[in-house]
Amino acid sequence: MTAAVNSFGLSLPDYPWEAMAPYVARASEHPGGAVNLSIGTPVDPTPGLIQDALRTAANAPGYPTVHGTVPLREAIAGWFERRRGVPGLDPKNVMPTVGSKELVAWLPLLLGLKPGDVVVRPKVAYPTYDIGATFAGVTSVATDHLDELDEATRSRVRLVWVNSPGNPTGSVRDAESLRALVAQARELGAVVASDECYAELGWGAWDVQRGGEPVPSILDPRVAGGSHEGLLAVYSLSKQSNLAGYRAAFVAGDPVIMANLVNSRKHAGMIVPFPVQEAMRVALGDDVHVQAQKDLYRGRRERLVPALNRFGLEIKESDAGLYLWSTAGEGTWETVGRLADHGIVVGPGVFYGEAGNGFVRVALTGTDERIDAAVSRLTAAS
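Just so it is clear, the structure is predicted and the values come from calculations on it, not from any experiment.

Definitions and cut-offs
Residues numbered from 1 in each chain as written. Predicted model: local features only at pLDDT ≥ 70, side-chain atom pairs only at ≥ 80, totals over all residues. Heavy atoms only, no water. 1 Å grid on protein atoms, 1.4 Å probe; cavity = no way out; pocket = protein on both sides within 12 Å on 5 of 7 lines; lining within 4 Å. Points joined across faces, edges and corners; volume = space filled by probe spheres on them. Helix = DSSP H or I, 4+ residues; strand = E, 2+ residues; numbered from the N terminus. Core = buried A, V, L, I, M, F, W, Y, C linked by side-chain atoms within 4.5 Å. Buried < 20%, exposed > 50% of the residue type's maximum accessible area, 1.4 Å probe, protein only. Contact = heavy atoms within 4.5 Å. Polar contact = N/O pair within 3.5 Å; in protein donor to acceptor, adjacent residues only side chain to side chain. Salt bridge = Lys/Arg side-chain N within 4 Å of Asp/Glu carboxyl O. Phe/Tyr/Trp six-rings, centres within 6.5 Å; stacked < 30°, edge-to-face > 60°. Lys NZ or Arg CZ within 6 Å of the ring centre and 35° of its normal. Arc of directions from axis to C-beta. Pairing = 2+ DSSP bridges. Axes fitted to C-alpha atoms, helices over the stretch in contact; angles between N-to-C directions.

## Comments concerning the layout of surface pockets
If you add up the space inside the largest pocket, you get close to 860 Å³. Taken together, 35 residues form the lining of the largest pocket, with Tyr15, Lys101, Tyr126, Pro127 and Thr128 sitting closest to its centre. Elements supplying a minimum of two residues to the lining of the largest pocket: helix H5 (99-110), helix H6 (128-136) and helix H10 (238-241). Top element by residues in the lining of the largest pocket is H6. It accounts for 5 residues.

Put into structure tokens, the structure is as follows:
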């Protein structure tokens, strides 16, 4: 019986963050405690109007709808037009998801991909893209340009993941780059799924509040042309609205694919709770709290960047999002260890693929007090 029981279960790699335990312990020995800037989990309060919406909708004895309430889907469509430059999105082609990570993990399976098919993901990428390919039993290939693939591989590409702004690099693909990728994918008959959850957090040339250009969506007419065929945009409210604990996200795009996703998720019971749907609806209708949160992150970023530079870290890319993609020109774990000695925990670049070796990811998701503590320690060590 024991042998039979042991034969069950998925064969997946160990969750990578377990490897950070000794470095967290090392940093915790610092007299002021650890400053953990390794994981991008929000630390600021969920805005009051969103909490109020959740409470108001708490009496929810019936089953919620997989497709999402009509008012929620209308709010998502309105948000796409107002904030993302995507006019006229039909609310039928929108669906809430239980956070964006579950969609990333299950999309290859839900799209019906089969062994032999190829999923393309960025060279430096969030590990869940690979896990999703594993769940579906298909092949994952890392590249930022389809032209880099040989013809045999290109002919098997069925799904292309775009992550712009990128995690962990903070890189942004402009509309021209996205349009070229969409054209190539359509020629191959592949779906392009764009993970856009950091889109509101542009800096420099992408900082709208400082005169920059909005980060483009895959559904933007400049990218998609006159059709959303073969395109899916994925977005999460975790970052912009501090809703990571609500698991509040959505997907929108190709009408045929969306209808199939809705049907499949009905069979699987993949449903966002009604109170969370209401909280999402309210969050998407209010831009004030989004701006306030971005201002907090901007201030933390502006304090942290020069301190990291003084410590000897060079910031690469990092044009948007919640992370500073940094290198000291040494091995990843050496940098992680040196920072831990000063009570600072960062994310190892090797967690994001071979191309991440030599880098660390420094998150802006610390309270002002913790960010200031990090700045003080980095300055003292310089």
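## Considering the nonpolar core
Of all hydrophobic cores here, the largest spans 49 residues; its most connected members are Phe80, Ile218, Leu237 and Phe250. Taken together, the elements giving at least two residues each to this core come down to helix H4 (70-84), strand E3 (118-121), strand E5 (157-163), helix H8 (175-188), helix H9 (221-224), strand E7 (231-236), strand E8 (248-253) and helix H12 (274-284). Among residues more than four places away in sequence, those in contact with Ile218 are Leu178, Val182, Val192, Ser194, Glu196, Val223, Ala224, Leu231, Leu232 and Ala233. Val35, Ala340, Leu364 and Ile371 belong to the second-largest nonpolar core, a separate cluster that totals 39 residues.

## Describing the side chain of His67
Looking at the element boundaries, His67 is found in the loop between helix H3 (48-56) and H4. Reaching out from His67, the side chain makes a polar contact with the backbone oxygen of Lys92 at a distance of 2.9 Å. Leave out the neighbours within four places in its chain, and His67 touches Arg73, Pro91, Lys92, Val94, Met95, Pro96 and Val262.

## A closer look at the pattern of salt bridges
This model, assessed by the stated rule, comprises 25 salt bridges. In this structure, Asp207 engages Lys294 in a salt bridge whose closest nitrogen and oxygen atoms are separated by 3.1 Å. You can see Asp207 sitting in the loop between strand E6 (191-195) and H9 and its partner Lys294 sitting in helix H13 (residues 288-311), a full 87 residues away along the chain. Residue classification places Asp207 among the buried positions, given a relative accessible area of 4%. The salt bridge partner of Asp207 is Arg298, with a shortest N-O separation of 2.9 Å. Taken together, the residues Asp207 in the loop between E6 and H9 and Arg298 in helix H13 connect sequence positions 91 residues apart. By relative accessible area, Arg298 is classed as buried at 6%. Shared partners join several salt bridges into a network, and the residues in it are Asp44, Arg300, Arg303, Asp368 and Asp372.

## Quick word on the packing of aromatic side chains
Applying the stated criterion to the full structure yields 14 aromatic pairs. Both rings, one in Tyr129 and one in Trp161, keep their centres 5.1 Å apart while their planes meet at 35 degrees; by these two values the pair is tilted. Highlighted residues: Tyr129 in helix H6 and Trp161 in strand E5, separated in sequence by 32 residues. Each member of the pair, Tyr129 together with Trp161, is buried. Members of the aromatic cluster, connected to one another through ring pairs, are Trp17, Tyr23, Trp333 and Phe351. Against the face of Trp203 rests Lys294, its NZ or CZ located 5.4 Å from the ring centre. The ring of Tyr323 carries the charged tip of Arg361 above its face, separated from the ring centre by 3.8 Å.

## Regarding unusual backbone geometry
Ser164 connects to Pro165 through a cis peptide bond whose omega is 0 degrees. Inspection of the secondary structure puts Pro165 in the loop between E5 and H8. Between Asn167 and Pro168 the backbone carries a cis peptide bond, its omega angle lying at 20 degrees. When you line up the elements, Pro168 lands in the loop between E5 and H8.

## Side note on H6
Considered for burial, the residues of H6 that qualify are Thr128, Tyr129, Gly132, Ala133 and Ala136. Angular distribution of buried residues about the axis of H6 spans 150 degrees; they occupy a single face of the element. Each element contacted by the buried residues of H6 is listed here: H5, E3, strand E4 (139-142), E5 and E6.

## Considerations on the pairing of strand E11 (residues 344-348)
Of all 5 residues making up E11, 5 are buried, and the element is well covered by its neighbours. Relative to E11, strand E1 (residues 35-37) runs parallel, the two being bridged by 3 bridges. Residue Val35 lies in a different strand from E11, and its bridge partner there is Ile344.

## Details of the sheet that holds E8
Reading across the sheet, the 7 strands line up as E2-E8-E7-E6-E5-E3-E4 and stay open at both edges, with mixed pairing between neighbours. With one partner strand each, in any of the chains shown, strand E2 (94-98) and E4 form the two edges of the open sheet. For this sheet the average axis-to-axis angle between neighbouring strands, irrespective of direction, equals 20 degrees. Judged from the 4 bridges that link them, E3 and E4 form a sheet pairing that is parallel. Counterpart to Val119 in the pairing with E4 is Ser140. Along the sheet face, helix H11 (residues 255-268) touches E2, E6, E7 and E8 and points at about 40 degrees away from the line of E2.

## What about the environment of Asn59?
Its place among the elements puts Asn59 in the loop between H3 and H4. The spatial distance from the C-alpha of Asn59 to the C-alpha of Arg377 is 48 Å, given a sequence separation of 318 residues.

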